[in-house]
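What follows is the residue order along each chain.
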Amino acid sequence: MADGDDGNGLRNVLVTFKSCLADNQEILMDPYLKGWKGLVRFLNTMGTIFSFISKDAVAKIQIMETFRSGDQKESYATLQSMVQYELSNSLVDLKQPGSYPTSGCRTILRLHRALHWLQLFLEALQTSEADAQTSVLCTDSYNASLANHHAWIIRKAATMAFYALPTRDAFLANMRVGTNEEAIAMLEEALPHIRKVYEVTESLYAQHNLLELP
Ligand SMILES: CCCCCCCCCCCCC/C=C/[C@@H](O)[C@H](COP(=O)(O)O)NC(=O)CCCCCCCCCCCCCCC
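What you see is a predicted model; the values in this text were computed from it and never measured.

What counts, and where the lines are drawn
- Residues numbered from 1 in each chain as written.
- Predicted model: local features only at pLDDT ≥ 70, side-chain atom pairs only at ≥ 80, totals over all residues.
- Heavy atoms only, no water.
- Helix = DSSP H or I, 4+ residues; strand = E, 2+ residues; numbered from the N terminus.
- Rg over C-alpha atoms; globule rule 2.2 N^0.38 Å.
- Buried < 20%, exposed > 50% of the residue type's maximum accessible area, 1.4 Å probe, protein only.
- Contact = heavy atoms within 4.5 Å.
- Areas by Shrake-Rupley, 256 points an atom, 1.4 Å probe, with all protein chains shown as cover.
- UniProt positions renumbered as here; feature names shortened; annotations may be inferred.

1. Concerning the overall build of the chain
Item 1. Along its length, the chain carries nine helices and zero strands.
Item 2. At 17 Å, the chain has a C-alpha radius of gyration in line with the 17 Å of a compact globule built from 214 residues.
Item 3. With respect to the principal axes defined by its C-alpha atoms, the chain has extents near 50 × 40 × 30 Å.
Item 4. By the burial criterion, 47% of the 214 residues in the chain qualify as buried.
Item 5. Pairs at least 24 apart in sequence give 67% of the contacts found in the chain among residues at least 6 apart.
Item 6. Of the roughly 10800 Å² that the chain leaves accessible, carbon and sulfur atoms contribute 53%.

2. Concerning helix α4 (residues 79–88)
Item 1. Among the 10 residues that make up α4, seven are buried, leaving the element largely enclosed by the rest of the structure.
Item 2. Of all the positions in α4, only Leu79, Gln80, Ser81, Met82, Val83, Tyr85 and Glu86 are classed as buried.
Item 3. The elements touched by buried residues of α4 are α2 (29–44), α3 (51–68), α5 (104–127) and α9 (180–207).

3. Quick word on the UniProt feature "domain: Glycolipid transfer protein" (unreviewed entry) in the chain
Item 1. The positions that UniProt labels "domain: Glycolipid transfer protein" (unreviewed entry) are, in the present scheme, residues 27–175.
Item 2. Helix makes up 64% of residues 27–175 and strand makes up 0%, while its end C-alpha atoms are separated by 25 Å.

4. Details of unusual backbone geometry
Item 1. Phi angles above zero are rare outside glycine, and arginine 176 is one such case at about 55°.
Item 2. Mapped onto the fold, arginine 176 is located in the loop between α8 (168–174) and α9.
Item 3. Take arginine 176: its relative accessible area is 42%, and that puts it in the partly exposed class.
Item 4. The phi torsion at asparagine 209 lies on the positive side, around 60°, for a residue other than glycine.
Item 5. Relative to the helices and strands, asparagine 209 is located in the segment after α9.

The following block contains the structure:
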């Protein structure tokens, strides 16, 4: 299958982020990870040049899936319960790397920052002109978000890889949600949910002073 998920295109992947928000405004871990897995599958359809990015995302998803299937799986049911559990049991390196290099809190923080990139990129794609270059949209959204947290060498590799992105038309077609107009309409529909997940997580992390975890 040449698309980003099991045959239904990127719509189902992005809609997964809608199902992350529970009625009590907590963020459910399982659909959050499922959304990321779908995004990684989509990324993999765009060529092996992106595999250093997808490998890192996969490693982080796996860390979280291990927590979700371990002894403390209930504590990892939502981002809120994870923060509560890990902080109250001192399972997070707060100032410098130490005994907990793969805590749930720092692992989700990395994905959370990447979700901000996704939000900015999709917003840019949604409002872009027909002749816009995806590499430019991607670089601008990366520089406004994730790049601020990456070392020089990663920034260099990422911006080089962005040049290999398909054209806007090919990118929208690869999403497999119909015509360009239908793909853009789908982005418009999905974006509020992605923004909401981002905002709820950002305020959770801000409230607990977790936004700069090493
Ligand atoms: C469409 C093009 C996709 C471009 C993806 C943009 C994100 C670029 C990220 C570059 C990350 C490079 C790999 C290494 C990262 C790590 O150093 C770094 C820090 O981790 P550490 O503290 O454990 O060391 N990791 C991270 O920041 C997490 C990165 C996770 C990236 C996930 C990206 C998934 C992209 C999915 C694309 C789907 C596009 C859909 C659009 C319709």
